[in-house]
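Observations on the three-dimensional arrangement
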Amino acid sequence: EQLAVLGPVAVKLGQTLSQRPDILDEEICEELKPLQTTNKPFDDAEAMRLLSEELEWRGPIAPGVCAPECAEPDGAPLFASISASPIASASLGQVYKATLHDGSEVAVKVQRPSAMRQVATDFAVLTTVLYGIQSTGWGNGD
């Protein structure tokens, strides 16, 4: 749980390392395994807001489901229905089950707020650290 608060890159690293008992002690791998299945979902209203914003949808997401600050609450809904809560949650987002107007069922993935910014920041920090290590000559076989 403490690793999860560091953001999606830390979670992904922990998930990967949990499957590598050749690198880490097996006990540590077992401690990291919950990162693969226990990501807390973020607020559903926020997810609906992000979905509306990303798709530039001004009406309801589904009948009776409006994003906060919905511009056209009486407009045509985007989906025939959408699950009230996510059916899955991961480090970078969560998934809702929706039904299109033709009856097709789809998975609607909504990226966590600030996930992209967090990944970009973590990448910049990692790149800087690796550049610093490389500039010392460490790891060059000397």
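Residues numbered from 1 in each chain as written. Predicted model: local features only at pLDDT ≥ 70, side-chain atom pairs only at ≥ 80, totals over all residues. Heavy atoms only, no water.

**Some points on a negative patch on the surface**
Together, Asp25, Glu26, Glu27 and Glu31 give the surface a local cluster of negative charge. Here glutamate 31 shows up in helix α2 (residues 26-32). (Patch = residues over 30% accessible without salt bridge, like charges linked within 9 Å, V, L, I, M, F, W, Y side chains within 5 Å. Areas by Shrake-Rupley, 256 points an atom, 1.4 Å probe, with all protein chains shown as cover. Salt bridge = Lys/Arg side-chain N within 4 Å of Asp/Glu carboxyl O. Lys, Arg positive; Asp, Glu negative; His and termini not counted. Charge placed at Lys NZ, Arg CZ, Asp CG, Glu CD. Helix = DSSP H or I, 4+ residues; strand = E, 2+ residues; numbered from the N terminus.)

**Considerations on the nonpolar core**
One finds Met48, Phe79, Ile82, Tyr96, Val108 and Val110 to be the most contacted residues of the largest nonpolar core, which totals 15 residues. Looking at this core, the elements with two or more residues in it are α3 (44-55), β3 (93-99) and β4 (105-111). If one sorts the elements of this core by residue count, α3 sits on top with four residues. (Core = buried A, V, L, I, M, F, W, Y, C linked by side-chain atoms within 4.5 Å. Buried < 20%, exposed > 50% of the residue type's maximum accessible area, 1.4 Å probe, protein only.)

**A short note on the environment of arginine 49**
Its place among the elements puts arginine 49 in helix α3. In this structure the C-alpha to C-alpha distance between arginine 49 and leucine 78, which are 29 residues apart in sequence, comes to 13 Å. Apart from residues lying up to four places away in sequence, arginine 49 is in contact with Ala67 and Pro68. At 2.7 Å, the side chain of arginine 49 and the side chain of glutamate 46 are in polar contact. (Contact = heavy atoms within 4.5 Å. Polar contact = N/O pair within 3.5 Å; in protein donor to acceptor, adjacent residues only side chain to side chain.)

**What about helix α4 (residues 115-135)?**
Across its 21 residues, α4 extends 30 Å between first and last C-alpha, which sits within 8% of the 30 Å expected from 1.5 Å per residue. Directly beyond the C-terminal end of α4, a positive phi value near 90° is found at glycine 137. (Expected span 1.5 Å × (residues − 1).)

**A word on the pattern of salt bridges**
As a working rule, side chains carrying opposite charge can pair if their charged atoms are close by. Inspection of every chain in the model, using the stated rule, returns six salt bridges. One salt bridge in this structure joins arginine 20 and aspartate 22, with 2.5 Å as the shortest N-O distance. One salt bridge in this structure joins arginine 49 and glutamate 53, with 2.7 Å as the shortest N-O distance. One end of the pair, arginine 49, and the other, glutamate 53, are both in helix α3, four residues apart, so they sit about a helical turn from each other. Note on arginine 49: relative accessible area 27%, which makes it partly exposed. In the salt-bridge network here, residues are joined through shared partners; they are Glu46, Arg49 and Glu53.

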